[in-house]
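The primary structure of each chain is shown beneath.
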Amino acid sequence: MLALPVRLHGIQLGRPADLLLDRESFRAVGLDVVCSDDVHRFLPLPTAVVSEDEIVIRSPLVLLEEDEHDFYRARAFTLSSLRGRVVQRERSEAGTLRDVVLGPAWELVAVIVESGGRTRRIVFDGTVRFAPESRSAA
């Protein structure tokens, strides 16, 4: 989804830079979109139609400005902040997060992890956790 253009009436307005996931439910709430004027705007997913080759919006007003964007960002994880973190399943290390799989209601249904040079898909359930970000000693 992050590789798809965001379009209004066939005109490309921007491209997604990141996916925002609700901190509580891990449901995708929206996209951080870099618009053609190089401004980041928030696109709530319920206002968009996602197809195989584009993300369509019906009005430019659904692209929220910076203050609304900050509201959502404060209540969500970005996919980019989760990528590279250790994924634990049943308290064992399953691998490093590479990507996520979303269901039809934007719920997180699986994670793609890498371990030992191989990637695999793990169903996202109550046993799957993301390890906290590691902090540098510097």
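A brief structural summary. Keep in mind that this is a model prediction, so the values were computed, not measured.

1. Let's talk about the pairing of strand E11 (residues 118–123)
Part 1 of the reasoning: Direction of pairing for strand E10 (residues 108–115) relative to E11: antiparallel, over a ladder of six bridges. Paired with Val113 across the strands is Arg120, a residue of E11.
Part 2 of the reasoning: Taking the residues that link successive antiparallel strands as the turn, the E10-E11 hairpin has two residues, and the phi of Gly116 there is positive, at about 60°.

2. Here we look at the layout of surface pockets
Part 1 of the reasoning: Volume-wise, the largest pocket comes out at about 230 Å³.
Part 2 of the reasoning: Per-class residue counts for the lining of the largest pocket are eight nonpolar, one polar and two charged.

3. Some remarks on the packing of aromatic side chains
Part 1 of the reasoning: Evaluation of the coordinates by the stated rule reveals six aromatic pairs.
Part 2 of the reasoning: Ring centres of Phe124 and Phe130 lie 6.1 Å apart, and the angle between their planes is 25°; on these two criteria the pair is classed as stacked. Residues Phe124 and Phe130 agree in their burial class; the two are buried.
Part 3 of the reasoning: Site record: aromatic cluster; members linked through ring pairs are Phe26, Phe77, Phe124 and Phe130.
Part 4 of the reasoning: Across the ring face of Phe77, the terminal group of Arg23 is positioned such that the distance to the ring centre comes to 4.5 Å.

The rules behind the values
- Residues numbered from 1 in each chain as written.
- Predicted model: local features only at pLDDT ≥ 70, side-chain atom pairs only at ≥ 80, totals over all residues.
- Heavy atoms only, no water.
- Pairing = 2+ DSSP bridges.
- Helix = DSSP H or I, 4+ residues; strand = E, 2+ residues; numbered from the N terminus.
- 1 Å grid on protein atoms, 1.4 Å probe; cavity = no way out; pocket = protein on both sides within 12 Å on 5 of 7 lines; lining within 4 Å.
- Points joined across faces, edges and corners; volume = space filled by probe spheres on them.
- Nonpolar A, V, L, I, M, F, W, Y, C, P; charged D, E, K, R; others polar.
- Phe/Tyr/Trp six-rings, centres within 6.5 Å; stacked < 30°, edge-to-face > 60°.
- Buried < 20%, exposed > 50% of the residue type's maximum accessible area, 1.4 Å probe, protein only.
- Lys NZ or Arg CZ within 6 Å of the ring centre and 35° of its normal.

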